[in-house]
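# Structural overview
Take a look at the letters that make up each chain.
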Amino acid sequence: MSAQSSIVEMQNIKKYFGAVRALRGVDLTLHRGEVLGLVGDNAAGKSTLMKVLSGAYSPDEGQILIEGARAHIANPDDSRRQGIEMVYQDFALANNLDVASNVFLGREVVRWQLGPLRIMNKRAMEDLARDLVARLKIDIESVRLKVENLSGGQRQAVAIGRATAFDAKVIIMDEPTAALSVAAISKVLDLVRELKAHGCSIIIISHRLEDIHAVCDRVIVLRQGRKVADRPVIGDIHEFREQIVAYMVGAKDDFATEMDQP
Ligand SMILES: Nc1ncnc2c1ncn2[C@@H]1O[C@H](COP(=O)(O)OP(=O)(O)OP(=O)(O)O)[C@@H](O)[C@H]1O
Ligand SMILES: [Mg+2]
């Protein structure tokens, strides 16, 4: 049964912004331990779909099942409690803080809590951040470095590391390799493989089809708010690119119904 091997099931998700039909009834299944690619042209609805899963947006229609049970995700905290973490397109890191503080941003390790007075345990945070950096083989000399002094690739790694720091079962990455050097891209892709080896299930949004081809087990293509393809990643990169582009531009559609015709 699909509900048993699936960790996330999004069913018939609809999201409208005024007249813009950003999502027009999308189904998405993520299997346990799988890396799923989510692709499509600009404005296809990729970020919106993942923001629905991460609780940043509430869908107008549809439901979400986590490990087969109906989940109520009304905000990012609900989603996080279900073990879902999203790495946003713009990282959302605090540049003036160091790596350790960023890993724990918003959920610092509290030594004592006395009413509103919280004393953070800096040492414990640094130790945990150091373990995380080592475990994920992230290439950063010290967790005391300020994020503003890191390279783009290192920042991306911190953003991903941060998302994985609290036993997330599902990690969503929105354009994790955009604006990175070739060397930094390959490190981020290694990090994805490392997370998969640690048992995480991962969804990656990307315009870089070679990255999707390199790390994903399956790919979903969105076009104008609808799913038009859902298939395993097979074949060489040239074949793969040719097929995916055909879906992206509307030349192919595996889910067309009469209702979808203009
Ligand atoms: N908060 C919002 N308010 C109004 N419209 C929005 C909002 N968020 C998204 N949209 C619209 O929904 C549609 C889908 O946007 P979305 O960001 O999901 O696309 P995307 O596939 O992630 O594109 P890109 O590849 O450019 O990141 C677009 O037409 C966008 O303008
Ligand atoms: Mg987007």
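Now for a description of the structure that goes with this document. Fair warning: this is a prediction, and the values are worked out from it, not measured in the lab.

### What about the overall build of the protein?
- The helix and strand inventory of the protein stands at 9 helices and 12 strands.
- Split into buried and exposed, the 262 residues of the protein put 47% on the buried side.
- Sequence-distant contacts in the protein: of pairs separated by 6 or more residues, those separated by 24 or more amount to 65%.
- A total accessible area of about 13000 Å² is found for the protein, and carbon and sulfur atoms account for 50% of it.

### Looking at the site of ligand 1
- Among the 14 residues in the neighbourhood of ligand 1, the closest are listed as Asn42, Ala43, Lys46, Thr48 and His207.
- A distance of 2.7 Å separates an oxygen atom of ligand 1 from a polar atom in the side chain of Lys46.
- Here ligand 1 has 630 Å² of accessible area as a free molecule, and 65% of this is covered by the chains.
- Here the shell around ligand 1 is composed, by residue class, of 6 nonpolar, 6 polar and 2 charged.

### Regarding the packing of aromatic side chains
- Evaluation of the coordinates by the stated rule reveals 1 aromatic pair.
- Here the aromatic rings of Phe17 and Tyr57 are separated by 5.2 Å at their centres, their planes lie at 70°, and the arrangement is edge-to-face. One end of the pair, Phe17, is in strand β1 (residues 6-17); the other, Tyr57, is in the loop between α2 (46-53) and β4 (61-66), with 40 residues separating them in the sequence.

### Structural notes on the nonpolar core
- In terms of nonpolar packing, the biggest core is built from 50 residues, with Ile171, Met173, Ile202, Ile204, Val221 and Ile244 touching the most fellow members.
- Every residue in contact with Val221, bar those within four places of it in the chain, is listed here: Val39, Arg226, Lys227, Val228, Ala229, Ile244, Tyr247 and Met248.
- Membership of the second largest hydrophobic core comes to 27 residues, among which are Ile13, Leu23, Leu28 and Leu38.

### Some thoughts on the pattern of salt bridges
- What the rule picks out here adds up to 20 salt bridges.
- Glu67 is the salt-bridge partner of Lys169, the closest N and O atoms lying 3.0 Å from each other. Placement of Lys169 in the loop between α6 (152-164) and β9 (170-174) and of Glu67 in the loop between β4 and β5 (69-71) is noted, with a sequence separation of 102 residues between them.
- Note that Arg81 and Asp78 form a salt bridge whose closest N and O atoms lie 2.7 Å from each other. With Arg81 and Asp78 both in helix α3 (residues 76-81), this residue pair falls 3 residues apart, about one helical turn.
- Via salt bridges that share partners, Glu34, Arg218, Lys227 and Asp230 belong to a single interconnected network.

### Focus: the packing of α6 against helix α7 (residues 182-197)
- As a packed pair, α6 and α7 sit with axes 9 Å apart at the nearest point and diverge in direction by 15°. One element, α6, and the other, α7, form an angle in the roughly parallel class. In this structure, α6 crosses over α7, and the sense of that crossing is right-handed. Taking contact as the criterion, the partners of Gly153, Gln156, Ala157, Ile160 and Thr164 in α6 are, on α7, Ala184, Val188, Leu191 and Leu195.
- Class assignment for the residues of the contact of α6 with α7 results in 6 nonpolar, 3 polar and no charged.

### What to know about the sheet that holds strand β10 (residues 201-205)
- Within the open sheet, the 6 strands sit side by side as β6-β9-β10-β3-β11-β12. Their pairing is mixed. Edge positions in the sheet fall to β6 (84-87) and β12 (226-232), since each of these pairs with one other strand and no more. The sheet shows a mean angle of 15° between the axes of neighbouring strands, taken without regard to direction.
- Pairing between β9 and β10: 5 bridges, direction parallel. What sits directly across from Met173, in β10, is Ile204.
- α2 rests against β3 (35-39), β6, β9, β10 and β11 (218-223) of the sheet, and its axis sits at about 150° to β10.
- Where α7 meets the sheet, its contacts fall on β3, β9 and β10, and the angle it forms with β10 comes to roughly 155°.

Definitions and limits used
- Residues numbered from 1 in each chain as written.
- Chains lettered and ligands numbered in written order.
- Predicted model: local features only at pLDDT ≥ 70, side-chain atom pairs only at ≥ 80, totals over all residues.
- Heavy atoms only, no water.
- Helix = DSSP H or I, 4+ residues; strand = E, 2+ residues; numbered from the N terminus.
- Buried < 20%, exposed > 50% of the residue type's maximum accessible area, 1.4 Å probe, protein only.
- Contact = heavy atoms within 4.5 Å.
- Areas by Shrake-Rupley, 256 points an atom, 1.4 Å probe, with all protein chains shown as cover.
- Near = heavy atom within 4 Å.
- Polar contact = N/O pair within 3.5 Å; in protein donor to acceptor, adjacent residues only side chain to side chain.
- Nonpolar A, V, L, I, M, F, W, Y, C, P; charged D, E, K, R; others polar.
- Phe/Tyr/Trp six-rings, centres within 6.5 Å; stacked < 30°, edge-to-face > 60°.
- Core = buried A, V, L, I, M, F, W, Y, C linked by side-chain atoms within 4.5 Å.
- Salt bridge = Lys/Arg side-chain N within 4 Å of Asp/Glu carboxyl O.
- Axes fitted to C-alpha atoms, helices over the stretch in contact; angles between N-to-C directions.
- Parallel < 35°, antiparallel > 145°, perpendicular 65-115°, else oblique.
- Left-handed = near helix turned anticlockwise from the far one by under 90°.
- Pairing = 2+ DSSP bridges.

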